[in-house]
Structure formats: C-alpha cells, structure tokens
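# Notes for the structure review
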Amino acid sequence: ARLRSAERFASLQREIIRLATIDPLTGLCNRRGFFEQATQVRARTGPDRKLSAILLDIDNFKHINDSYGHEAGDEAIRACAEAARFDEAVAGRLGGDEFALLVERPLPESLEIAKGLRRRLASRPVKTRKGPITLTWSIGVGEAQPQDSVDQILARADAALYNAKTQGRNCVASAPSGLRMKEAPKIWSE
C-alpha cells in the first residue's frame, strides 16, 4: 500500500510539473518551461559553440481575433505552434502570439531555419467558419555572444523582431553583429 501511495504521489508530482511548464493550447513549453530549458542549454553551451534565438510573432493577430473570433485565434495559435516545431530546438510560447526557439546553430544557419519556418506557416492556411486564412510571422534572429545570458540572447532577437515588424512584416530580420547587449532588458525572471 505504501509503494502504491508513493507511486501515485510521484505520478501526481510529475503531472504538476508538466502543467507548470507546458502551454495547454499548443503543447509547447510555456514561458517558464522555455526559460528553464533554455537556461540549461545555455549553461552547457561553451564559448566555442554557437547559439541563436529565433523570436516569431504572428502578424496582425488582433485582427484575426477581432474578425474571425477567439476560436479562430486559438486555431491560429495552434497552427503556429505546429509550424514552429523544430526537433533540434527548445521551443516555447512566450505569451499571446509570440513564440521562441533556441537553437545550437550560428546566425547564418539560424536565419535559414527561420526562413523555412516562415514559409512553412504561410503554406498552411487555417480553416475558420468564415473561410481559410493565411498566417504570417515577423521573425527576429539573434546570435549569442560568448557571455550572453538567455535574456540577452532574446533581447538581441527582439531587436531584430522589431526591425522585421518595421520592414513590413512577414519577413525575417537578424540583429546587427555589433549590437551590444550588456544591460539587456529583462524579458523574463522568476
């Protein structure tokens, strides 16, 4: 009886951890889970190995919710999560309509991954009650510098994402190689 009780307790504990780190709508890591995994990857990535962050933001998401309804908005988020899956990355939904990937790749390869993700999403229209809609992303990519924290890598990618948004959306932008992130704004902290 004690062994069964201990087994049930361990099972419940695993389920609580899963619920605390997985986004229920997408099945990707939630913000907390993403940062926990990304911090582990950053800790094991030495200065000689390249690491990049890819931030993906759904273009005109408010318009989707307003025009097609929140059910369609949820379908759009699920479709984006599916398009953002990349086996060799830590992937998560950071909030609302923003997703992040952390890949152990240099900037040029990460840019190619991001371009492929953008094309993948655009090629999969989402069915709604009012007809299919084509989704697009604005994507920012930033490469880690040797001493960057996860927050600094994401801040670098966020600066690139801002550039993608100002360039007209539905595109991929990279952070300038000389961009210094000594005092990066905090994107997340526990």
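Everything here concerns the structure above.
Our subject in this report is the structure included herewith.

What counts and how
Residues numbered from 1 in each chain as written. Predicted model: local features only at pLDDT ≥ 70, side-chain atom pairs only at ≥ 80, totals over all residues. Heavy atoms only, no water. Helix = DSSP H or I, 4+ residues; strand = E, 2+ residues; numbered from the N terminus. Rg over C-alpha atoms; globule rule 2.2 N^0.38 Å. Contact = heavy atoms within 4.5 Å. Areas by Shrake-Rupley, 256 points an atom, 1.4 Å probe, with all protein chains shown as cover. Lys, Arg positive; Asp, Glu negative; His and termini not counted. Charge placed at Lys NZ, Arg CZ, Asp CG, Glu CD. Core = buried A, V, L, I, M, F, W, Y, C linked by side-chain atoms within 4.5 Å. Buried < 20%, exposed > 50% of the residue type's maximum accessible area, 1.4 Å probe, protein only. Polar contact = N/O pair within 3.5 Å; in protein donor to acceptor, adjacent residues only side chain to side chain. Phe/Tyr/Trp six-rings, centres within 6.5 Å; stacked < 30°, edge-to-face > 60°.

Helix and strand content of the chain: six helices and five strands. Mapped from its N terminus to its C terminus, the chain presents α and β elements in the order α-α-β-α-α-β-β-α-β-α-β. Taken over C-alpha atoms, the radius of gyration comes to 18 Å for the chain, in line with the 16 Å a tight globule of 190 residues would show. Taken over the C-alpha atoms alone, the chain extends approximately 65 × 50 × 25 Å along its principal axes. Contacts in the chain between residues at least 24 apart in sequence constitute 70% of all its contacts with a sequence separation of at least 6. Roughly 10600 Å² of accessible area belongs to the chain as shown, and the carbon and sulfur atoms make up 50% of that amount. Each charge class in the chain can be summarised by its mean position, and for the 30 positive and 25 negative side chains these summaries are 2 Å apart.

All right, on to the nonpolar core then. Ile54, Phe99 and Trp137 are the most contacted members of the largest nonpolar core, which totals 30 residues. One finds Val90, Ala144, Val150 and Leu154 within the second-largest nonpolar core, a separate group that totals 18 residues.

What follows is about the environment of serine 138. Note that serine 138 resides in strand E4 (residues 137–143). Using a relative accessible area of 0% as the deciding quantity, one classes serine 138 as buried. A sequence separation of 29 residues divides serine 138 from glutamine 167, and the C-alpha atoms of the two residues are 9.2 Å apart. Look past the residues within four positions of serine 138 in its chain and what remains in contact with it is Leu55, Leu56, Asp57, Asp59, Leu161, Ala164, Lys165, Arg169, Asn170 and Cys171. A distance of 2.5 Å separates polar atoms of two side chains, one belonging to serine 138 and the other to aspartate 59.

Turning our attention to the packing of aromatic side chains. Applying the stated criterion across every chain yields a total of one aromatic pair. Seen from their ring centres, phenylalanine 34 and phenylalanine 35 are 5.6 Å apart, and the 85° between their planes marks the pair as edge-to-face. Like phenylalanine 34, the residue phenylalanine 35 is buried in the burial classification.

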